[in-house]
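A look at the structure
Residue strings, one per chain:
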Amino acid sequence: MTPEIKPFKIRDIEISPPLILSPMAGVTDVSFRRLLKRCGGVGLTVSEFISVEGLTRNNPKSKRQMRFYTDERPFAAQIFGGQPERMRMAAEMAEEVGADILDINCGCPAPKVVKHGGGSGLLRDHERLETILKEIKKAITIPLTIKIRAGFYDHTINAVETAKLAEACGVEHIALHGRTKEQGYRGLANWDLVKQIKETVSVPVSGSGDITTIDQAFARFRETGCDGVLIGRGGMANPWIFRQIEDTMHGREVFQPTLADKRALLLEYFDMLREDMPITPAINRMKQLAGQFTRGLVGGALFRTSLYHSHSVDEILNRIEEYFTAIEAGLPYVGEGAPIEEAPELDSCEAATVS
Ligand SMILES: Cc1cc2nc3c(=O)[nH]c(=O)nc-3n(C[C@H](O)[C@H](O)[C@H](O)COP(=O)(O)O)c2cc1C
């Protein structure tokens, strides 16, 4: 491996390679995580954020979100909420189902999450955060980790203080997405804060935000000295990015997926989704991934339009077949309707439900 990038440990759990599939609500469910694991290069997977209110009240959706496959280990379950007692109960449940790591979401900007004191709300209420971390720490034996943002408002950046508090409470890995709650997903992530946290605490530190290429991953490791990087949206656009970064770390030839690989990946994902959920949500998730995944492919905009107008499994399968057959043969894809030039913005955790 290149000197600046090497595996790291969260207590005795090796994160190798030090590349983490960033949690994304509505995206990183069991099927997506399994798909990316199969593409290679993912050292740690994290669930979508799971509502502790839902979990501790036996909400079926929240319980489903806690599922994972043994072959995706190491696996971290991420929970969110603002009530120390509920957070503790949910943390115990995560340990009981066998998660390797328990991660606390301190970053979600959605008003309905923040209103209850959870997500990024914890960044402006360190007293509550401390109580929650200490409660959980007493109750579980698996490592406790945290994912934070730069701060709540643009003028109250306190990531370093939050990291210090977390470490003092026994947190064993800190991940920073260097945007504030106020910023949402605008602008660029501040990676200098990752460096500052790394220089301040002694537990491992990882950074998140805007990595979409191999070079960017290397640059972030080099500039900040961080132990790991998280990749979210970049993994939807290019599910092989983790493997490609790992190839580069080992000085191997970088894997370049063929059109046949891309077609197979979409079909595999659709199979997994249909196995796991009813048809309508499976179709919607398929469209979501295809929207990100086909950016930049020849005829991709027309393909997306055709897919968005498809409402049955057969229609989706036919569109995939037609599209890839055409472009593999070097023929123009004619599709249907006017092209959608841009895939719709991802929902982020705004769509979260707190029951
Ligand atoms: C659709 C979407 C959903 C997200 N859901 C979560 C979540 O559940 N938990 C979390 O900690 N971060 C969540 N995030 C933030 C990402 O994990 C990540 O920190 C952020 O997108 C920046 O990294 P990226 O540029 O690699 O995507 C979400 C982001 C997106 C785009």
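Note that the coordinates shown come from a computational prediction; the quantities given were computed from them, not determined experimentally.

With that settled, the discussion passes to the packing of helix α1 (residues 30-39) against helix α12 (residues 259-276). To characterise two packed helices, one gives the angle between the axes of the helices and the distance between these axes. In contact at an axis separation of 9 Å, α1 and α12 are set at 145 degrees when each is read in the N-to-C sense. Relative to α12, the crossing made by α1 is right-handed. Seen from α1, the contacting residues are V30, S31, F32, R34, L35, R38 and C39; seen from α12, they are L265, E268, Y269, M272, L273 and D276. Tallied by class, the residues present in the contact of α1 with α12 amount to eight nonpolar, one polar and four charged.

Residues in contact with the ligand amount to 18 residues; listed here are only the nearest, S22, P23, A25, S208 and D210. Interatomic distance of 2.7 Å between a backbone N/O atom of P23 and an oxygen atom of the ligand. The separation between an oxygen atom of the ligand and a polar side-chain atom of S208 is 2.7 Å. Burial of the ligand by the surrounding chains reaches 97%, relative to a free accessible area of 600 Å². Grouping the constituent residues of the shell around the ligand by class yields seven nonpolar, eight polar and three charged.

Take the domain arrangement of the protein next. For the protein, the domain assignment lists domain 1 (8-249) and domain 2 (259-348). Relative placement of domain 1 and domain 2: their C-alpha centres are 29 Å apart. Contact residues are listed per partner, giving 19 residues for domain 1 and 16 residues for domain 2. Carbon and sulfur atoms make up 60% of the area that domain 1 and domain 2 hide from each other, which totals about 1,700 Å². Among the residues domain 1 hides against domain 2, the three largest losses belong to L35, M236 and W240. Together they make up 33% of the total. Seen at the junction of domain 1 and domain 2, the total is four salt bridges. Note that R38 and E268 form a salt bridge whose closest N and O atoms lie 2.4 Å from each other. In this assembly, domain 1 and domain 2 are joined by six residue pairs in polar contact (both at pLDDT 80 or more). At the level of secondary structure, the elements contributing two or more residues to the side of domain 1 that touches domain 2 comprise α1 and α10 (233-237). For the side of domain 1 that touches domain 2, the residue count by class is ten nonpolar, two polar and seven charged.

The next point concerns the packing of aromatic side chains. The full count for this structure, using the stated rule, is eleven aromatic pairs. When the centroid spacing of 6.4 Å and the interplanar angle of 75 degrees are considered together, the rings of F303 and Y333 count as edge-to-face. One end of the pair, F303, is in helix α14 (residues 300-308); the other, Y333, is in the segment after α15 (313-328), and 30 residues separate them in sequence. Neither F303 nor Y333 differs from the other in exposure class; each is buried. Among the aromatic side chains, those forming a connected cluster through ring pairs are F303, Y323, F324 and Y333.

Cut-off values and rules
Along each chain, the written sequence defines residue order, and numbers are assigned to residues from 1. A pLDDT threshold of at least 70 governs which residues receive local features in this predicted model, and a stricter bar of 80 or more applies before side-chain atom pairs are shown or counted, although totals over entire chains, interfaces and linings include all residues. Think of the side-chain values as coming from all heavy atoms in the structure, minus any hydrogens and water. Each axis is a line fitted through C-alpha atoms, taken for helices only over the stretch in contact, and angles between the N-to-C directions span 0 to 180 degrees. Only runs of H or I of at least four residues qualify as helices and only runs of E of at least two qualify as strands under DSSP, and these elements are numbered from the N terminus. Note: crossing handedness is left-handed where the near helix turns anticlockwise from the far helix by less than a right angle, and right-handed where it turns clockwise. Any two residues whose heavy atoms approach within 4.5 Å at even a single point are treated as in contact. In this count, Pro and Cys sit with the nonpolar residues alongside Ala, Val, Leu, Ile, Met, Phe, Trp and Tyr, while Asp, Glu, Lys and Arg are called charged and the others, Gly among them, polar. The near set for a molecule or strand comprises every residue that places at least one heavy atom within 4 Å of it. What qualifies as a polar contact is a pair of N or O atoms within 3.5 Å, subject to a donor-acceptor requirement within protein and to the restriction that residues adjacent in sequence count only when both atoms come from side chains. With residues, only the protein chains shown are counted as cover, and all accessible areas are computed by Shrake-Rupley using a 1.4 Å probe. Domain delimitation follows an automatic or database domain assignment. Two parts placed together each lose some accessible area; with a 1.4 Å probe, that loss summed over both constitutes the buried area. We count a salt bridge whenever a side-chain nitrogen from Lys or Arg sits within 4 Å of a carboxyl oxygen from Asp or Glu. Pairing of aromatic side chains here covers Phe, Tyr and the six-membered ring of Trp, requires ring centres within 6.5 Å, and sorts the geometry by plane angle: under 30 degrees stacked, over 60 edge-to-face, intermediate tilted. Remark: exposure states derive from per-residue accessible area (1.4 Å probe, protein chains only) relative to the maximum for the residue type, with buried under 20%, exposed over 50%, and partly exposed in between.

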